[in-house]
Amino acid sequence: MFVSDILLQKGGLVFAVTPGTSVAQVAQQLSTRRIGSVLVVDKFDAVIGIVSERDLVRALALHGPSCLDHEVVKVMTRDVVSCDPDDSIDRVMGLMTRGRFRHLPVVRHGELLGLVSIGDVVKARLEETRHETEALKAYIVAG
Ligand code: AMP
């Protein structure tokens with residue numbers, strides 16, 4: 001199974017904010033949309049960062065409630081790791097494990113095609129395992 005299979009199921013909708021968005025507004029968006037991260041894009045829609053729940057917790061711990069008024073550009077992660085639609089689920093799991101993050105934008109030729117979370121990846125892996133088990137059972141019964 002590949003990243004493109006996940007995108008076929010969940011679609012390519014990606015939530016993004018501009019660098020000047022406040023930390024409070026980002027928290028509001030994460031909560032209303034029930035998501036764990038948003039991308040930060042510039043005026044040309046180019047990805048310049050990612051901000052997740054963890055960054056908000058870190059900012060709160062470091063600066064206290066005053067961080068809610070800070071611009072998200074201050075708390076985001078700048079070096080965003082992305083994946084390709086042709087990447088396997090195994091490769092994506094490896095990237096998330098090594099990078100210690102749970103979100104990966106899907107990019108091809110500079111174009112943002114979607115975003116996969118660890119939840120999407122685990123779901124895809126479970127489906128894959130279920131198919132393999134069913135195929136094995138069918139093979140044993142047929143034999
Ligand atoms: P997460 O586990 O996705 O909530 O993120 C943990 C940390 O990794 C946070 O500091 C995020 O900003 C950062 N992060 C999340 N996704 C990515 C990514 N694809 N590339 C680089 N950093 C990321």
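Owing to the predicted nature of the structure, the values given are computational and were not obtained by experimental measurement.

Draft legend 1. Broad picture of the environment of Leu30. Among the structural elements, Leu30 can be located in helix H2 (residues 23-33). Once the C-alpha coordinates of Leu30 and Phe15 are considered, the two residues, 15 residues apart in sequence, prove to be 9.4 Å apart. Filtering out sequence-adjacent residues up to four positions away, Leu30 remains in contact with Ile35, Gly36, Ser37, Val38, Ser52, Glu53 and Leu56.

Draft legend 2. Layout of the layout of surface pockets. The volume enclosed by the largest pocket comes to roughly 310 Å³. Along the walls of the largest pocket sit 14 residues, with Ile50, Ser52, Thr77, Arg100 and Phe101 positioned nearest its centre. Within the residue set of the lining of the largest pocket, elements represented by two or more residues are strand E3 (47-52), helix H3 (53-63) and strand E4 (103-108). With three residues, the single largest contributor to the lining of the largest pocket is H3. Per-class residue counts for the lining of the largest pocket are five nonpolar, three polar and six charged.

Draft legend 3. Spotlight on the site of the ligand. In the region of the ligand, 15 residues are neighbours, and Ser52, Asp55, Thr77, Arg102 and His103 sit closest. Within the contact set of the ligand, an oxygen atom lies 2.7 Å away from a side-chain nitrogen or oxygen of Ser52. Here an oxygen atom of the ligand and a side-chain polar atom of Thr77 are 2.6 Å apart. Considered on its own, the ligand offers 480 Å² of accessible surface; in the complex 93% of this is hidden by protein.

Draft legend 4. Quick look at the pairing of E4. Alignment of E4 against strand E5 (residues 111-117), held across six bridges, turns out to be antiparallel. Bridged to Val107 within E5 is Leu112. Here E4 hands over to E5 after two residues, with His109 in that stretch at a positive phi of 50°.

About the thresholds
- Residues numbered from 1 in each chain as written.
- Predicted model: local features only at pLDDT ≥ 70, side-chain atom pairs only at ≥ 80, totals over all residues.
- Heavy atoms only, no water.
- Helix = DSSP H or I, 4+ residues; strand = E, 2+ residues; numbered from the N terminus.
- Contact = heavy atoms within 4.5 Å.
- 1 Å grid on protein atoms, 1.4 Å probe; cavity = no way out; pocket = protein on both sides within 12 Å on 5 of 7 lines; lining within 4 Å.
- Points joined across faces, edges and corners; volume = space filled by probe spheres on them.
- Nonpolar A, V, L, I, M, F, W, Y, C, P; charged D, E, K, R; others polar.
- Near = heavy atom within 4 Å.
- Polar contact = N/O pair within 3.5 Å; in protein donor to acceptor, adjacent residues only side chain to side chain.
- Areas by Shrake-Rupley, 256 points an atom, 1.4 Å probe, with all protein chains shown as cover.
- Pairing = 2+ DSSP bridges.

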